[in-house]
Every structure is written in C-alpha cells, then in structure tokens.
Amino acid sequence: MKILLVEDDDLLIQVLTRSLAPYHYIVDTVKDGEMGWTYGSTFEYDLIVLDVVLPKLDGISLCKRFRAEGYLTPILLLTAQDTITAKVQGFDAGADDYVVKPFNQTELIARIRALLRRGSMNPSPLLSCGDLLLNLSTCEVSYRGNSLILTTKEYELLEILLRDSQHVFSSEELLDRLWSSEAFPSEATVRSHIRRIRQKLVAVGAPQDLIATMHGRGYYLKVPCKEELAQPSTKSSSNRTATASDRPHSLDSAQSAKLEGSRSPEAQQQYLAFLNATWTTTKPKSLNQVAILAKVVQDLQANQLDLPQQTHAQQVAHKLAGTLGILGLAKAMHLARQLESWLGSREPLQPKQAPLMNTLVTALQQSIEETTQIQMSQILQEHAPLLLAVSADLAFNQSLANVAATHGIRFDTLLPDTAHAFITAESISGQPSSDQPFSDKPTFSANQQPDVLLFRFPTAPSDAADATPSVAQFNTLLTTLQAFASRYPALPILVMGDRSKLSDCLEVMRRGGKLFLDHSAQPEQVISAAVKLLRGSQKPTRVMIVDDDRTWLRTLPTLLKPWGFTVTTLADPEQFWTVLQASTPDALVLDVKMPQIDGFELCQILRSDPNWQRLPVLFLSVLTDPASQNQAFIVGADDYLCKPVKGVELANRILSRLQRVRAWAS
Amino acid sequence: MTSRRILIIDDEETIQTVVQFGIRMAAGWEVLTAGSGPQGIHTAQTGQPDVILLDVMMPEMDGIATFRALQSHAETKQIPVIFLTAKAQTAEKRQFNDLGVSGVITKPFNSLDLPEQIARILHW
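Report follows, based on the coordinates. Keep in mind it's a predicted model, so treat the numbers as computed, not measured.

### A look at the packing of aromatic side chains
In step 1: Scanning the model with the defined rule gives eleven aromatic pairs over all chains in all.
In step 2: Measuring from centroid to centroid gives 5.9 Å for phenylalanine 67 of chain B and phenylalanine 83 of chain B, while their planes differ by 75°, and the two rings are edge-to-face. With phenylalanine 67 of chain B in helix 3 (residues 63-72) and phenylalanine 83 of chain B in strand 4 (residues 81-85), this pair connects stretches of sequence that are 16 residues apart. In terms of burial, phenylalanine 67 of chain B and phenylalanine 83 of chain B fall into one category: buried.
In step 3: One aromatic cluster is present, formed by Tyr271 and Phe274 of chain A together with Phe21 of chain B through successive ring pairs.
In step 4: Above the face of the tyrosine 45 of chain A ring, lysine 2 of chain A is positioned so that its terminal group lies 5.5 Å from the ring centre.
In step 5: Above the ring of phenylalanine 396 of chain A, the side-chain terminus of arginine 456 of chain A is found at 3.8 Å from the ring centroid.

### A word on a negative patch on the surface
Residue and element names in this part refer to chain A.
In step 1: A cluster of acidic residues, Glu44, Glu172, Asp176 and Glu187, forms a negative patch at the surface.
In step 2: Within the secondary structure layout, glutamate 172 lies in helix 7 (residues 171-178).
In step 3: Glutamate 172 sits in the partly exposed class, given a relative accessible area of 31%.

### Topic: the nonpolar core
In step 1: Counting residues in each nonpolar core, the largest one holds 59 residues, and the members touching the most others are Leu293, Leu324 and Leu364 of chain A together with Leu53 and Ile118 of chain B.
In step 2: No other element matches helix 10 (residues 265-301) of chain A, which puts eleven residues into this core.
In step 3: For leucine 293 of chain A, the contacting residues outside a window of four places in its chain are Ala313, Val316, Ala317, Leu320, Leu339, Leu343, Val361 and Leu364 of chain A.
In step 4: Leu132, Cys139, Val141 and Leu150 of chain A belong to the second largest nonpolar core, which has 31 residues in total.

### A few points about helix 23 (residues 626-634) of chain A
Residue and element names in this part refer to chain A.
In step 1: For helix 23, every residue scored as buried is listed here: Ser628, Ala632 and Phe633. Seen end-on, helix 23 carries its buried residues on one side only, within an arc spanning 140°. Across from the buried face of helix 23, at angles greater than 90 degrees, the exposed residues are Pro626 and Ala627.
In step 2: On its buried side, helix 23 packs onto helix 22 (599-608), strand 20 (617-621) and strand 21 (639-642).
In step 3: Immediately beyond the C-terminal end of helix 23, within one or two residues, lies glycine 636, with a positive phi of roughly 110°.

### Remarks on empty space enclosed by the protein
All names here are of chain A.
In step 1: The full count for this structure, using the stated rule, is five cavities of 30 Å³ or more.
In step 2: For the largest cavity, the calculated volume is near 80 Å³.
In step 3: As for the largest cavity, its lining consists of Tyr23, Tyr25, Arg113, Leu116, Arg117, Leu136, Cys139, Tyr155, Glu159 and Arg163.
In step 4: Counting only elements with at least two residues in the lining of the largest cavity, the list comes to helix 5 (105-119) and helix 6 (152-163).
In step 5: Mapped onto the domain boundaries, the lining of the largest cavity takes at least three residues apiece from domain 1 (2-119) and domain 2 (126-221).

### Details of the sheet that holds strand 3 (residues 51-55) of chain B
Residues and elements named next belong to chain B.
In step 1: Judged by pairing direction, the sheet is parallel, and its five strands sit side by side in the order 2-1-3-4-5 without closing on themselves. The open sheet is flanked by strand 2 (30-34) and strand 5 (103-106), the only strands paired with a single partner. For this sheet, the mean angle separating the axes of adjacent strands, direction not counted, is 25°.
In step 2: On the sheet, helix 1 (residues 13-27) packs against strand 1 (5-9), strand 2 and strand 3 and is oriented at approximately 170° with respect to strand 2.
In step 3: Docked against the sheet, helix 2 (residues 37-47) engages strand 1, strand 2 and strand 3, running at close to 145° with respect to strand 2.

### Let's talk about the packing of helix 11 (residues 307-326) of chain A against helix 12 (residues 330-343) of chain A
All names here are of chain A.
In step 1: Across the interface, helix 11 lies against helix 12 with an axial gap of 8 Å and an inter-helix angle of 160°. Relative to helix 12, the element helix 11 is oriented roughly antiparallel. Relative to helix 12, the crossing made by helix 11 is left-handed. Along the contact surface, helix 11 presents Gln310, Ala313, Gln314, Ala317, His318, Leu320, Ala321, Gly322, Leu324 and Gly325, while helix 12 presents Ala332, Met333, Ala336, Arg337, Leu339, Glu340, Trp342 and Leu343.
In step 2: Along the lines of polarity and charge, the residues of the contact of helix 11 with helix 12 split into eleven nonpolar, five polar and two charged.

### Points about the pattern of salt bridges
In step 1: For the coordinates displayed, the defined rule picks out 23 salt bridges over all chains.
In step 2: One salt bridge connects arginine 111 of chain A with aspartate 97 of chain A, and the closest N-O pair in it is separated by 2.8 Å. With a gap of 14 residues between them, arginine 111 of chain A in helix 5 and aspartate 97 of chain A in strand 5 (residues 97-100) connect regions that are remote in the sequence.
In step 3: Residue class for arginine 111 of chain A comes out partly exposed when judged on its relative accessible area of 27%.
In step 4: For aspartate 97 of chain A, a relative accessible area of 11% translates into the label buried.
In step 5: Its salt-bridge partner being lysine 107 of chain B, residue aspartate 55 of chain B comes within 3.1 Å of it at the nearest N-O pair. Within this pair, whereas aspartate 55 of chain B is found in strand 3, its partner lysine 107 of chain B is found in the loop between strand 5 and helix 5 (114-122), the two being separated by 52 residues in sequence. Neither residue differs from the other here; aspartate 55 of chain B and lysine 107 of chain B are each classed as buried.

### Observations regarding the side chain of aspartate 638 of chain A
Residues and elements named next belong to chain A.
In step 1: Looking at the element boundaries, aspartate 638 is found in the loop between helix 23 and strand 21.
In step 2: Here arginine 607 takes part through its side chain, which lies 2.9 Å from a polar atom of the side chain of aspartate 638.
In step 3: A polar contact of 2.7 Å, which involves the side chain of aspartate 638, links it to the backbone nitrogen of valine 617.

### A short note on unusual backbone geometry
In step 1: Going from lysine 107 of chain B to proline 108 of chain B, the amide bond is cis rather than trans, its omega being -5°.
In step 2: Mapped onto the secondary structure, proline 108 of chain B falls in the loop between strand 5 and helix 5.
In step 3: Its identity is not glycine, yet asparagine 303 of chain A carries a phi of approximately 60°, on the positive side.
In step 4: Within the element layout of this structure, asparagine 303 of chain A appears in the loop between helix 10 and helix 11.
In step 5: Its relative accessible area of 57% is what places asparagine 303 of chain A among the exposed residues.
In step 6: One non-glycine residue, histidine 123 of chain B, lies in positive phi territory at about 55°.
In step 7: You can see histidine 123 of chain B is positioned in the segment after helix 5.
In step 8: Relative accessible area serves as the criterion here: at 1%, histidine 123 of chain B is assigned to the buried category.

Conventions used here
Residues numbered from 1 in each chain as written. Chains lettered and ligands numbered in written order. Predicted model: local features only at pLDDT ≥ 70, side-chain atom pairs only at ≥ 80, totals over all residues. Heavy atoms only, no water. Phe/Tyr/Trp six-rings, centres within 6.5 Å; stacked < 30°, edge-to-face > 60°. Helix = DSSP H or I, 4+ residues; strand = E, 2+ residues; numbered from the N terminus. Buried < 20%, exposed > 50% of the residue type's maximum accessible area, 1.4 Å probe, protein only. Lys NZ or Arg CZ within 6 Å of the ring centre and 35° of its normal. Patch = residues over 30% accessible without salt bridge, like charges linked within 9 Å, V, L, I, M, F, W, Y side chains within 5 Å. Areas by Shrake-Rupley, 256 points an atom, 1.4 Å probe, with all protein chains shown as cover. Salt bridge = Lys/Arg side-chain N within 4 Å of Asp/Glu carboxyl O. Lys, Arg positive; Asp, Glu negative; His and termini not counted. Charge placed at Lys NZ, Arg CZ, Asp CG, Glu CD. Core = buried A, V, L, I, M, F, W, Y, C linked by side-chain atoms within 4.5 Å. Contact = heavy atoms within 4.5 Å. Arc of directions from axis to C-beta. 1 Å grid on protein atoms, 1.4 Å probe; cavity = no way out; pocket = protein on both sides within 12 Å on 5 of 7 lines; lining within 4 Å. Points joined across faces, edges and corners; volume = space filled by probe spheres on them. Domains from an automatic or database assignment. Pairing = 2+ DSSP bridges. Axes fitted to C-alpha atoms, helices over the stretch in contact; angles between N-to-C directions. Parallel < 35°, antiparallel > 145°, perpendicular 65-115°, else oblique. Left-handed = near helix turned anticlockwise from the far one by under 90°. Nonpolar A, V, L, I, M, F, W, Y, C, P; charged D, E, K, R; others polar. Polar contact = N/O pair within 3.5 Å; in protein donor to acceptor, adjacent residues only side chain to side chain.

Okay, structure coming up:
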C-alpha cells in the first residue's frame, strides 16, 4: 500500500513514518502543497494524508484540486483546527476523514487503515485465496495454518495479489504500486521477489503455481478449487455412475465458479497459446501420417494393398483424427475420420475406391498445411448457444440450420420419435440426462445441453383420412414436450404449430411451451424468437464500438445481436465523449488505429475519468504484435482481440468480461 | 483442500499433453499420463488416481481390455473409469455401460471443459 504524506513538520513526518512502518506501508513524503499535487497526480497512491496548513498550496485547496481532477484516492486531513466549520470545510473539499492535532497515534493508524480498507474492494481485515490467508491487522500470512515469514516487500506483493485475485498484475504495475518513486527497481526485481515468495509458499505445502505467471502479461493468484470438506469416498462407492442420492448432486459453487473462470479470456488465450505451441511440433508429425495414408492410397490404386496394411492405415487415420480433434481443427479432423471409416470397413478396399480416398487425403493434407495458427473461434465454438429442434420437417430443419449458422447459433435436430424415446427412457431410469452418459442421442453432456428447444408440430392435413395418425403424432409430441419441460424446467421451449387452433395453442402452453409461433413463420423469425428466449428477461447489454472502418461497423451489430447486445457504433472518435455519455455502454470495443486519435490514448483518457474507470474496454485491432497488446493492457484495457474476429468470439469475450465485472461488483 | 488426481491413458501423445495442460489450468488437478494399456495399469496401481480417462481405441491392448484388467486388480478395481471415444453410437455406449464404466466422453473435446464433465459424471 502506498501512502502520500504531505506535511511540512519534520517531527510529525518522523513520528508518522515510524508508526506506519510496522504495517509495511510505503510512504512518500513531500513538504509543500505544489509538490503534493505533482506526486499525487503522477504516481498512484492508496491514500493521501494532507496537512491543512502547508506552504505554497494549502491542504484544503489541494484536496479540492484532487477531487476536481477526478482523483478518487482516499484523503485524510490533519489539522490543528478543531472547529466544526473547519471540519465541514474539509469534508466539503472532498476529504474522507479528518484528524485533529495533537492526535493519538493509535487512533490515526486505525483511521488510516480503515480508509485503506474502504478504498479497496475488500472491507475485511482478512484477505484470502484458497488456503492462503493474510491478516491485515496483524500482518501475518499463513498457508493452511502454517505461517510464512516474509520480508516487507514480499508481504506487500502478496497483499496486492490477494486484494484483487481476479487481476493479472504486470511487472510494471507491481513496480508502480510497490516501490516508492525514489527507488528505480527493474522488472528483474519483481521476478526475484516472486520467485522467493513462491519458494516460501512451496515450503509450507502450497502448489508451485499458486502465484501463476501469465506469459507476457504478468502474475496472478491461482484460485484453487474448493473441495467438499467431508469428501465422499469416491473409491469405495461403486464405480458405476453414482445415483443422485449417494453423492452431493451438483458442483460446489466455488468449484463451478473456478470452472467458469477457466473460460475467462485469459485462460482461453493461454490454452490457445499452448495448443499453438503444441501444433508447431505436431504439424510435421501429422503431415508424416498423411504421407503414410497417401502411400496406402497409391498401393490401393495399384491393387497392392493387403488387409493388415489397411488396418494399420486405419489406426494411423484414427490417431491423426484424435490429434486434430483435440487441437480444435474440426475440418481436418472430419477428413481424417472419413478416411478412418473407409479404411475400417470389414471388406478390403477396392482400387475403384482409390480416387475418392485420394481426394480425402489431398484435402486433409491441404487443410493441415494451411493451418499455421489455431484460432480462438475453433476452440470456443462449443460455448455458442445450442438450439435443438424436435422436428420431422427435414427441409425446414435444413433452412433453419443455415439461418442459425449465420447467427452464430449451434443447431441440432431430433426426430420426434427419437426425442420421445430419449425423454421417456430417461424418465424411467430416473437419471437426469446431463449425468446420464448412456442414453440415446442426444447425450446432454456439458457441450451438448441445448440452451433453447424448438418443437415443430405437424400441420393438420385437410382430408379426414389422415387425421388419425396426425392426432396421434400431435399427442405424442405434446407428451414429449411436457416431459422435456418437466425434466428441464429452465430450458425455454419454442413451439411452432397452427396458431389458428386456439385449443392446441393453449394445450401446448399448458404443457410447458413458452412461445408459440405459427407454422408459416420463416426461419429468420424462428431464430430471432429463439434469441429472445435465450436472452430471457435480461436487460440488453449495451456495447459501444469505435472504429473508423465503416463496413466493419455495419456488420458488427448483426454479429452481436443474437447475444442480446444493443450496439452503438461510432466512426468518428471526435464525438467519443458525447456518444459515450449518451449511450452509457456496459462495454466498449475500441480500434487501435484511427485517424484523429488512437485507441490507446482514448482508453487512457477514459481510465482517468472516475465514471468510466471500470467500464470494460476491449481492443479490436489488426495489430497482432505483442507490443501493441502490451500497450493496450498498460493503458487499462481488459482484453485484446485481433481482426478478423467472429461474432461468436467477440460476443463471448464481451460477455465473459461483463460477468467478471458483475462478479466483482456483487 | 484435496486436489484431484486424474490418469489419462491414450496412445496419442498430443492428447495426453493437451488434456494434462487443460485440466491443470481449468481445475488445478494433478494429471498422470500413460501411453498404453499396460503402462496405464501400472500407473494406476502406483498413482491411485481418483479417476481414469481411458481411450477406447488403442493398438494392442485396447480400452476394453485395459478396463477389464483394471477391474481384475484389487488396487485399481475401485477407481472409476471414463471412456474417451470418438464414436459414440448408442449400441457401443450400451456395451460400455454393461461393462461397468462410469461414463463416456466423446472426442473431440475442449480440455478446459473436461474437469466439469468429469465432475458431472462422477457427481463430485
């Protein structure tokens, strides 16, 4: 914690620095009001202590100046004037507390500490992260009850990390906050401190990466997932899927939160970086495997392929598909899978099949060669909302699939009979499907749990001859719908049917349908209705996008719409403040390179305004170099994405940023 | 806090590495790896993981044979096993179910999602 002390009385300076020392605060001292302003406006402090009577600029005026310029740092005034008027004047100037000289040292320290706590997000004198505990009152740090002996700097470093465990601290940031302005430490200093704390933590049993490094970004505390205290003995119970009654049913909330956190942009980025690093070594291997497959195709063409060779090739294709799949290379994986399935046929392949195999191998090779970089969108896809349609109308399903794809919504269909079989089988077994790995399709695993359901009811035929099967179909579908609705009460269900038949309509709603669309509704309408349901009653999220590329600005709102964003676009940064204030966005997306002002400057200005200090800012730029990314985080960005970006990805990143802000604010 | 220990048995090294990284990152769990059935059985005996992720299709000793072997050893009998498979046909899943595996996770998957999937299947 850094404190700026503006005081001209040497004796008082001595007393104060001495009494603050045990608390590991860093104190910068200046002796006049002007210097106070210079320091306070240049460096970041957690608290400013001002004497009222000061040379050059008095404490009250200085306090007013800080507040007028938007500084929110807590300010404590020290004064000899113990009158109500003087106190009121002080508070009016924007001070947070007021202490009259001569003061009781203990009281002053207590007030300083209270102000520091108020300034931070954590009002408790205990900071913790998993088993790591830091007591601000006693300055003691412990891990699982084992206390750690830390130096002042190590303590301070840990305190900063603990105060905002959501945050990744760059070395510069830590230098700024931990070392007084007179010291000139380097980043290596931060590194060596981190190393020493890690050693001490490991010595008391903490994981090596409790303080984790995010390459190129900085350090953060890795929040460990919380386990149930009374752990059910996993090993002694049956190793079949446990029934709902013998284990706690859901993930414990801290663990879910942690798992949610694994989808944070940083985690995804880091995971992606790892995949890309893996890909550089895997790519040549994969190409070798393709070469083996190509050779097999040649042999097949020459009618020289025997069954053992074919089996071996099948294994190669299988391994290749597995590798490509885990790296998120879906297209190449599907090609490898197709090859695997051809090679896996019981009958030996015939030379006439060689051309087809050859096409597959060539396409696979090309796909692998073209992949220089795995993209974020390739690994994020499964987080896009999934619409599951129960419909026998194949033509409609197809057109709906196309529209869904353009909106970044995943789409899957289920024939009414399959849906019925699925849900009834499930009801009988009494297992919630998300935990039931052996049910018929769809397996509602974590990735496949739909976010919205669509039931398409058959149209009633006009001639009476067909009426009976149609009624039976209708009723079965109704039962299915009801079963789904009771099994997944939170899942919104959209129904398409004959709106003119009021009784049907009513029946559907009674059974759990949320929205009824007429049969004639176009796929576009269906998707937009689904999106509305997905959004629920949530207030739309307002996003403001500043970019001088007007074509891009025109397409973005469409891309972001399915996620319920209201988008304000701005091509002229000169209008920035006016539009920002008028649209009061929940998140801001900035381009870096713009004609009048660059995005970094804009972000920096924004961050200096107290009203906008917490607004999530995401940069979206064609600049892919680490320096630009680094610069973005230095000026206060929350995330950085490179163009071109898919709507899905941008939406995910904005949403995840907002979730964090909300989690933080709550 | 007790951390979980996962063993992944898969003949594809890339999958081992990515799964290890993903699980560690997402949940901080410890991940042991093995590249074949016999090696996996040995690691399971010595490492006593909380769950085994077992690739079904492996050359020589496949997932099913490995699972049977694990079941026949007293030290590994109680460890829940989740199959990793690319083909998730209903018939095949039934067969796995009858064998007594705890669940199936279909490839490909995002490794960051694995801890959640495992936790769901095993009701952790």
